[in-house]
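Observations on chain architecture
Residues per chain, in single letters:
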Amino acid sequence: MSIDFPDTLLKTLSAAHAVAAFTGAGVSAESGVPTFRGNEGIWTRFKPEELANLAAFMKNPELVWEWYRARKTIIAGVEPNAAHKALAALEELYGDVTIVTQNIDNLHRRAGSRTVVELHGNIERNYCMTCGTPASNASVLSADGAPRCEVEGCGGLVRPDVVWFGEMLPEDEWDRAVRAMARADVVLSIGTSGVVYPAASLPLTAKQQGALLVEINPEPTPLTPHADVFLRGPAGSILPDIVSVLRAHRAVQNR
Ligand code: BV8
Ligand code: ZN
C-alpha cells in the first residue's frame, strides 16, 4: 500500500538532520502484542489501578506477577514487525535518530534501533525491592507466586523494572527524551493514544519547539488536531512506505 505523502512531509523529511519517534503500544500491535486500550487491549480484562501500580502490587503481588509473567511470555514469543524495522532503517538515512518509547517490550532494540529511550522501563528486567539486585527473567518466570530475591539473607520481593502509575519516570531517560524532542526537525508520534502523562506531553512540546509533528495511527487521538500531518493507517505499512520513498529520494539526490 503506498500512500501519497503531503509535500510538507517529504520536503521536511528530506531536509531533516534529526528525527525522533515517539512510540506507544500500537507500534507493536502487528507483532501480536496486545495494546492497552484497544478492544483486545490488556486493560479490558484488567484496570491499570488494579495492576500497574505499587499499592496494587504490595496488596497482591501474586496477581500482578501473574499478569507480568503472561505478558513476558507473549513478548518472548513475538518478533519485531515492519514498523520497528523501518524505524531502525531510519538510522541509515539520518545521523541523529532517537526512538522514545512508552513500550516495555524491547522490540525496537531487537529490530536494530541503537538509540532507544525507554520511558516506562523494560519488561525483560526485574529487581529486588530491598537490595536492588537484578533478577533474571528465567528466575521470575520459574517462580510460583511472587519471586523473591536470591541474594543470601535478603529474600526481598522482586518486581518488574517498569514504571507504574504514580511512579516517576527514570530521570536520565526523561532528560534524553526531552533533549531528543528539542533537537528533532521531525517527530513521528506512532501508535499511541496519547493519554498517559508526562510521556504524552513530549510530541506537542517538540512541535512547539519547531519540529514538524507527524502522527501515524489507524484512529484519531487527542494529539491529531495538533499534528501537522496525520497519516491514518497501520504503522507496519506506513513506515516502510516512508522509508522507501526517502531511499528513492536519496538515490536521486546522490546521482
Ligand atoms: C507520574 C508501564 C507523577 C507498565 C505504563 C490525571 C490526569 C493526567 C495525568 C494523571 C492523572 N492521574 C494520574 C495521572 C498520571 C498518570 C497518567 O497519565 N494517567 C493517565 C491514565 C490519566 N501517569 C503516571 O502515573 C506516570 N507517573 O505521573 O508520576 C509523579 C509526580 C510526583 C511524584 C510521583 C509521581 C507514570 C505512567 C507510566 C505508567 N506505566 N506502562 C506496564 O506497561 O505494565 S503506561 C502504559 O500506557 C504503557 O507504557 C503504554 O505505552 C502507555 C500508553 O498507552 P499507549 O502506548 O498509547 O497504548 P494504547 O493501547 O493506549 O494505544 C494504542 C494506540 O495504538 C491506539 O491509539 C491505537 O489506535 C493505535 N494502534 C493500534 N494498532 C496500530 C496502532 N497504531 C499504529 N499501527 C497499528 N497497527
Ligand atoms: Zn535483595
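Residues numbered from 1 in each chain as written. Chains lettered and ligands numbered in written order. Predicted model: local features only at pLDDT ≥ 70, side-chain atom pairs only at ≥ 80, totals over all residues. Heavy atoms only, no water.

1. Describing the packing of aromatic side chains
- Taken as a whole and assessed by the stated rule, the structure comprises three aromatic pairs.
- With a centroid separation of 5.0 Å and an interplanar angle of 40°, the aromatic rings of Phe57 and Trp164 are classed as tilted. On the criterion of sequence distance, the pair formed by Phe57 in helix 4 (residues 54-59) and Trp164 in the loop between strand 6 (158-162) and helix 9 (171-183) is long-range, its members being 107 residues apart. Like Trp164, Phe57 is buried.
- Here the aromatic cluster, defined as three or more aromatic residues joined through ring pairs, consists of Phe57, Trp67, Tyr68 and Trp164.
- Arg159 extends its terminal NZ or CZ atom over the ring of Trp164, reaching a point 3.9 Å from the ring centre. (Phe/Tyr/Trp six-rings, centres within 6.5 Å; stacked < 30°, edge-to-face > 60°. Helix = DSSP H or I, 4+ residues; strand = E, 2+ residues; numbered from the N terminus. Buried < 20%, exposed > 50% of the residue type's maximum accessible area, 1.4 Å probe, protein only. Lys NZ or Arg CZ within 6 Å of the ring centre and 35° of its normal.)

2. A look at the sheet that holds strand 9 (residues 229-232)
- Taken in spatial order, the six strands make up an open sheet running 3-2-1-7-8-9, and their pairing is parallel. Only two strands of the sheet have a single partner each, and these edge strands are strand 3 (116-118) and strand 9. Adjacent strand axes in the sheet meet at a mean angle of 15°, parallel and antiparallel pairs treated alike.
- Across the sheet, helix 1 (residues 7-15) touches strand 7 (186-190), strand 8 (212-217) and strand 9, and the angle it forms with strand 8 is around 115°. (Pairing = 2+ DSSP bridges. Axes fitted to C-alpha atoms, helices over the stretch in contact; angles between N-to-C directions. Contact = heavy atoms within 4.5 Å.)

3. Quick look at the site of ligand 1
- Neighbouring ligand 1 are 35 residues; Arg37, Tyr68, Arg71, Gly166 and Ser193 lie closest to it.
- Here Ser193 contributes a side-chain N or O atom positioned 2.6 Å from an oxygen atom of ligand 1.
- Surface burial for ligand 1 is 72%, taken as the share of its 1500 Å² of free accessible area covered by protein chains.
- Among the domains, domain 1 (1-33 + 80-120 + 169-255) and domain 2 (35-77 + 124-162) are the pair contributing at least three residues each to the shell around ligand 1. (Near = heavy atom within 4 Å. Polar contact = N/O pair within 3.5 Å; in protein donor to acceptor, adjacent residues only side chain to side chain. Areas by Shrake-Rupley, 256 points an atom, 1.4 Å probe, with all protein chains shown as cover. Domains from an automatic or database assignment.)

4. Let's talk about the coordination of the zinc ion (ligand 2)
- Looking at the metal site, the zinc ion (ligand 2) is ligated by Cys128 (SG), Cys131 (SG), Cys149 (SG) and Cys154 (SG), spaced 2.1 to 2.3 Å from it.
- Between the four donor atoms coordinating the zinc ion (ligand 2), the angles at the centre fall across 105 to 119°, so the site counts as tetrahedral.
- Here the donor residues for the zinc ion (ligand 2) map to a single chain with the spacing C-x2-C-x17-C-x4-C. With Cys131 in the loop between strand 4 (121-128) and strand 5 (134-135) and Cys154 in the loop between helix 8 (137-142) and strand 6, this residue pair connects regions lying 23 residues apart in the sequence.
- On the basis of relative accessibility, which here comes to 39%, the residue Cys131 falls in the partly exposed class. (Donors = N, O, S within 2.8 Å, 3.2 Å for Na, K, Ca; no water. Tetrahedral: all angles 85-135°; square planar, octahedral: opposite > 155°, others 65-115°.)

5. Here we look at the domain arrangement of the chain
- The assigned domain composition of the chain is domain 1 (1-33 + 80-120 + 169-255) and domain 2 (35-77 + 124-162).
- Measuring from the centre of the C-alpha atoms in domain 1 to the corresponding centre in domain 2 gives 29 Å.
- Contacts between the two partners involve 14 residues from domain 1 and, on the opposite side, 10 residues from domain 2.
- Here domain 1 packs against domain 2, burying approximately 930 Å² in sum over the two surfaces, 58% of which is carbon and sulfur.
- Along the contact surface separating domain 1 from domain 2 lie one salt bridge.
- As a salt-bridge pair, Arg125 and Glu118 come within 3.5 Å of each other at their nearest N and O atoms.
- At the junction of domain 1 and domain 2, the tally comes to three residue pairs in polar contact (both at pLDDT 80 or more). (Buried area = accessible area lost by both parts, 1.4 Å probe. Salt bridge = Lys/Arg side-chain N within 4 Å of Asp/Glu carboxyl O.)

6. Concerning the sheet that holds strand 4
- The sheet built from three strands is open, its strands ordered 5-4-6 with antiparallel pairing. The open sheet has two edge strands, strand 5 and strand 6, and neither has a second partner.
- Note: strand 4 against strand 6, four bridges, orientation antiparallel. Across the sheet, residue Gly121 finds its bridge partner in strand 6, namely Val162.
- Against the sheet, helix 5 (residues 61-76) contacts strand 4 and strand 6, and its axis sits at roughly 135° relative to strand 4.

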